Amino acid sequence: MNLGRGINFGNALDALDGGPRLPLEHRYFDEVAAAGFATVRLPARWSAHAAATPPYTIDPAFFRRVDAGVAAALDHGLRVVLNVHHYDGICAAPDEHRPRFLALWRQIAAHYAGHDNRLCFELLNEPRGELTADRWNAVLAEALAVVREACPERTVIIGSAEMNSPAALPALAVPDDDHLVATVHYYAPFEFTHQNAGWVAGAERWLGRTWGSPADEDAVRADLAKVAAWGRDRRLPIFIGEFGAFSAADMVSRARWTAFVRTEAERLGLSWAYWEFGTDFGAFDPESATWREPLRRALLGV
Ligand code: BGC
């Protein structure tokens, strides 16, 4: 499946305590569909809404919130990428959390079995830490098998280790399955995209970094060309599931970087989803209820 142009409803169903928060309002789906996006990625923090002990039951109230988001997207003719986001436990202690991670997917897959095939699953946002490439390859194969019990043909998105970095793509073991898409996240140069990001130690030192020299462009071109070649070799569609520059960077550079990454991705046939809709990277300003025009234009070109 080609996911086309997408946007993340980040910090909604995945919000962390004390962090930014986006209420998942119906009118935001109107905005996204009317602007011309084809896909929304719905990050969801299932691990914060499921029991800690077997059978690790997911809170029905959380399922209802996710259901509302999925239904709103489908009603607007959008494709949906639903993932497991911010599951720190599986990254810190994979052996201990593996049964719970698989139990989450067993419940999610059963719950959405028979749903519209425009709903796609993404197994885990940004595997990292102790969930090294080798361990992740094993866990992802098991999680895919669990999903396939209830959803034999639903598109499933699998990402590289090391926080879905393009550099870790060669270490991703791709299971034999006809309905896979591979994903990476693109935040390079990190010192530009994450300048002054509160959750990155030392990021205040990068404040003021701009982007747009010919060398900057060459670096993006080279990175994305490698990603595209990897996908071509394996006949796998590629989805850049997150890319974006934090609001502390200057808007001229943000728009330039966003437009460049987006057009280069499209030239190479890669689908993408901007990080994110309406909080700290926001392409949309919920206060004024308007798009940030330079970012909207960078993403959609019109
Ligand atoms: C995380 C966000 C973060 C973003 C950019 C996402 O995967 O969920 O909390 O803002 O990446 O770093």
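Figured I'd write up the structure that's included with this text. What you see is a predicted model, and the numbers here were worked out from it, not measured in a lab.

If you check the shell around the ligand, you find H85, H86, N125, E126, Y187, H194, W199, E242, W275 and F281 and nothing else. Measuring from an oxygen atom of the ligand, one finds a side-chain N or O atom of H86 at 3.3 Å. Here an oxygen atom of the ligand sits 2.7 Å away from a polar atom, N or O, in the side chain of H194. Here the ligand has 310 Å² of accessible area as a free molecule, and 88% of this is covered by the chains. Split into classes, the residues belonging to the shell around the ligand amount to four nonpolar, four polar and two charged.

The subject of this paragraph is helix 8 (residues 214-233). Residues separated by three or four positions in an α-helix point in the same direction, a consequence of the helix having 3.6 residues per turn. Over its 20 residues, helix 8 extends 28 Å from the first C-alpha to the last, a length consistent with the 28 Å expected when each residue adds 1.5 Å. Taken together, the buried positions of helix 8 are occupied by V220, L224, V227, A228, W230 and G231. Buried residues along helix 8 cover an arc of 155° about the axis, so they all sit on one side. Pointing more than 90 degrees away from the buried face of helix 8 are the exposed residues P214, A215, K226, R232 and D233. Packing partners of the buried residues in helix 8 comprise strand 6 (180-186), strand 7 (238-243) and helix 9 (251-267). Count one or two residues on from helix 8 and you reach R235, which has phi positive near 50°.

About the cut-offs
One numbering rule holds for all chains: residues counted from 1, following each sequence as written. Residue-level local features of this predicted model are given only where pLDDT is at least 70; pairs of side-chain atoms are given and counted only at 80 or more, and the full residue set underlies all totals for whole chains, interfaces and linings. Heavy atoms throughout the structure, all of them, feed into the side-chain values; hydrogens and water do not. Nearness is defined per residue: one heavy atom within 4 Å of the molecule or strand is enough. Any pair of nitrogen or oxygen atoms within 3.5 Å is treated as a polar contact; in protein, a donor-acceptor pairing is required on top of that, and neighbouring residues in sequence qualify only through side-chain atoms on both sides. In this description, accessible areas are obtained by the Shrake-Rupley approach with a 1.4 Å probe, and a residue is regarded as covered only by the protein chains that are shown. For this scheme, ten residues count as nonpolar: Ala, Val, Leu, Ile, Met, Phe, Trp, Tyr, Cys and Pro. Four count as charged, namely Asp, Glu, Lys and Arg, and the remainder, Gly too, count as polar. Counting from the N terminus, the helices are the DSSP runs of H or I reaching at least four residues and the strands are the DSSP runs of E reaching at least two. Under the convention used throughout, the expected extent of a helix is 1.5 Å for every residue step, that is, one less than its residue count. Burial classification: accessible surface area is computed with a 1.4 Å probe over protein chains only, and a residue below 20% of its type maximum counts as buried, one above 50% as exposed, and the rest as partly exposed. By arc we mean the arc of the directions from the helix axis to the C-beta atoms, nothing more. Whether two residues are in contact is decided by their heavy atoms: any pair within 4.5 Å suffices.

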